[in-house]
Amino acid sequence: MPDDCLTSRMDVVEQEVIRRVVAGDRDAYRVLMERHLPAVLRVTMRITASEVDAEEAAQEAFLRAYNKLADFKGQSSFGTWVYRIAMNCSLNIVERRSRDLGWNAVEMDGEAGGANQVRSESVTPEQAVLDGESQVLRERAMQQLTPMERTAFVLRHMEDQPMNTIAEALGVPVNSAKQAVFRAVSKLRKELRPVKRIAMLRTATGIAKEVQG
Amino acid sequence: MTIDENELIAYHLGELSALRKRAVQAALEKDATLAAESEEIAETLRAFSGGPVPVVDAALVERMWQGVRPSLAVLEPRKKEARWRWMFGFASGVAACAVVMLLLFVHRVPHTQEAVVQDGAAPAQSETAAVQHNESPMIQELHDRGAAKTVRYNGKPGPLTMVPVEDKGFAGHLDAAERLLTQVNHEEGPLPAETRGEVHRLLLQNAVYQQRAQVKGDYATANVMDDLGRVLVTLDAAPPQSAEAADAFRLEMNVGDVLFDLRILHHNKLQER
């Protein structure tokens, strides 16, 4: 019940902010952006796998939401609405990028993981190396997926979105979205067999250290 | 039961029905190879669980806001005039339809009453009433023509009047005269002897009714009776002759106009009763 009260209070605050923005107060929009940026940036980051593209997609999503704010009827919360817009923006960027032949090379040369991504501070240098290698392998595996497979997989498995939402975002039937997820998992499974070996090595390293200690 | 990779993936993603899920669980307990494959899929999914989450700090928010802010145009509240205009148009349309329906209803009322009166009419007049009932479009036409000629006789109102016709004998006279003129108008050749007798009888009656209407100040009726009287006098006085001469005579009398006036008077009478 307290959660419901908090949610409804937030909704009231958001409605008031939206009313002010629609009335011409542009700076009030920053409140909405601050509140929903983490979720939006997370999904754009997961779909695009690039900080630059994720920020671009997030900005585009907030800009589109602003321009359509007068038509926003409030059937869903603003957060859900802008999240879905962000999904579409990310997908557009991924599709645009997939036509660029040089994209994979640039990403593979870069550092795995961005400066703004969370990392555990308690990892040892060896673990960091293993984590880094594991991350590179995961990224490489993800790059074997088509934009649709990647987006469908990210939204279903990482973002826990229902299949009909994913199908709507991709503009395909639900069954096609489901098949895209299945194909993605199957490809990742094959690509990730080396990661499994790394994990085993990591486990073995940890055991050896414990024995030495 | 065969369980393929897709079904195992669906199992781990929670996309199976409860029944199918139990079936897969049962198969996994029995088949070690399948269980190993299932574990590999689960491990793959675990490897991608969560993943890196971007840290949204104040600097990032500021950067994002500065990236968006210049592109934000000042929004204006959606004007409601268009909506009101649309509603006003709709309401006007509904009102216009209501007026049209009302007018149609008002036009229909006299005919309905006429039908009721005709159903209860005297047996002597039932034949004419039945004809009129079947000829309602014709009555409407008469109405229209009569309405266009409301001033016909020296600036006085024409025969189409709402003044009640009280005399039942007069109504019978009108009925008989109308039938006679209809017969005269449609027959060819000289009039039969019995018709000539009816003409003479009506001529005598008509003089009385014409006089009575004039005394009562009902000049419209008196004028119609006068016209009818002239036709009846001509018919009564005309000697038996050849068919061609009789037809020329009918044209000269202009029986149609008098018949028209009579029908209107008769119609008024039925309506008032």
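Not measured: the values here are computed from a predicted model.

Visitor: Please clarify how the overall build of chain A should be interpreted in this entry.
Guide: Check the secondary structure of chain A and you find 10 helices and 0 strands. Helices and strands appear in chain A in the N-to-C order α-α-α-α-α-α-α-α-α-α. Scored against the burial criterion, the 213 residues of chain A give a buried share of 41%. Long-range pairs, those at least 24 residues apart, make up 68% of the contacts in chain A with a sequence separation of at least 6. If you sum the accessible surface of chain A, you get close to 11,300 Å²; carbon and sulfur atoms cover 53% of it.

Visitor: Sorry if this is basic, but what is going on with the packing of helix 9 (residues 174-191) of chain A against helix 3 (residues 32-47) of chain B here?
Guide: Between helix 9 of chain A and helix 3 of chain B, the shortest axis-to-axis distance is 9 Å and the interhelical angle comes to 95°. By the angle class used here, helix 9 of chain A and helix 3 of chain B are roughly perpendicular. Taking contact as the criterion, the partners of V185, L188 and R189 of chain A in helix 9 of chain A are, on helix 3 of chain B, E37, E40, I41, T44 and L45 of chain B. Here the residues of the contact of helix 9 of chain A with helix 3 of chain B are counted per class, giving 4 nonpolar, 1 polar and 3 charged.

Visitor: Sorry if this is basic, but what is going on with the interface of chain B and chain A here?
Guide: Interface size is commonly expressed as the accessible surface area that is lost when the partners come together. Taken together, the 41 residues of chain B in the interface contact 48 residues of chain A. Together, the buried faces of chain B and chain A total about 4,400 Å²; carbon and sulfur atoms form 63% of this surface. Looking only at chain B, the three residues that lose the most surface to chain A are F48, M64 and L75 of chain B, adding up to 18% of its buried area. If you look at where chain B meets chain A, you find 7 salt bridges. Its salt-bridge partner being E62 of chain B, residue R30 of chain A comes within 2.7 Å of it at the nearest N-O pair. Remark: the boundary between chain B and chain A carries 14 residue pairs in polar contact (both at pLDDT 80 or more). Those elements giving two or more residues to the side of chain B that touches chain A turn out to be helix 1 (5-13), helix 3 and helix 4 (58-68) of chain B. With 8 residues, the top contributor of residues to the side of chain B that touches chain A is helix 4 of chain B. Split into classes, the residues belonging to the side of chain B that touches chain A amount to 22 nonpolar, 8 polar and 11 charged.

Visitor: Please clarify how a nonpolar patch on the surface should be interpreted in this entry.
Guide: On the surface, a nonpolar cluster with roughly 460 Å² of combined accessible area is contributed by W86, M87, F90 and V94 of chain B. Assignment of secondary structure puts W86 of chain B in helix 5 (residues 81-119).

Visitor: Looking at this structure, how should I read helix 9 (residues 193-216) of chain B?
Guide: Working note: α-helix, 3.6 residues per turn, so residues spaced by three or four point in the same direction. Relative to the 34 Å expected for 24 residues at 1.5 Å per residue, helix 9 of chain B spans 35 Å between its end C-alpha atoms, a close match to the ideal helical length. Note on helix 9 of chain B: the residue one or two positions beyond its end, G217 of chain B, has a positive phi of about 85°.

Visitor: Would you take a moment to explain the pattern of salt bridges for this structure?
Guide: It is possible for side chains of opposite charge to pair when their charged atoms get near one another. Inspection of the entire model under this criterion finds 25 salt bridges over all chains. Two residues, R35 of chain A and E14 of chain A, come together in a salt bridge whose shortest N-O distance is 3.5 Å. On the criterion of sequence distance, the pair formed by R35 of chain A in helix 2 (residues 29-48) and E14 of chain A in helix 1 (residues 2-22) is long-range, its members being 21 residues apart. R35 of chain A gets classed as partly exposed once you look at its relative accessible area, which sits at 32%. With a shortest N-O distance of 3.3 Å, R189 of chain A and E40 of chain B are connected by a salt bridge. One end of the pair, R189 of chain A, is in helix 9; the other, E40 of chain B, is in helix 3, on a second chain. Each member of the pair, R189 of chain A together with E40 of chain B, is buried. When salt bridges that share partners are traced, they join R189 of chain A together with E5, E37 and E40 of chain B into one network.

The rules behind the values
- Residues numbered from 1 in each chain as written.
- Chains lettered and ligands numbered in written order.
- Predicted model: local features only at pLDDT ≥ 70, side-chain atom pairs only at ≥ 80, totals over all residues.
- Heavy atoms only, no water.
- Helix = DSSP H or I, 4+ residues; strand = E, 2+ residues; numbered from the N terminus.
- Buried < 20%, exposed > 50% of the residue type's maximum accessible area, 1.4 Å probe, protein only.
- Contact = heavy atoms within 4.5 Å.
- Areas by Shrake-Rupley, 256 points an atom, 1.4 Å probe, with all protein chains shown as cover.
- Axes fitted to C-alpha atoms, helices over the stretch in contact; angles between N-to-C directions.
- Parallel < 35°, antiparallel > 145°, perpendicular 65-115°, else oblique.
- Nonpolar A, V, L, I, M, F, W, Y, C, P; charged D, E, K, R; others polar.
- Buried area = accessible area lost by both parts, 1.4 Å probe.
- Salt bridge = Lys/Arg side-chain N within 4 Å of Asp/Glu carboxyl O.
- Polar contact = N/O pair within 3.5 Å; in protein donor to acceptor, adjacent residues only side chain to side chain.
- Patch = residues over 30% accessible without salt bridge, like charges linked within 9 Å, V, L, I, M, F, W, Y side chains within 5 Å.
- Expected span 1.5 Å × (residues − 1).

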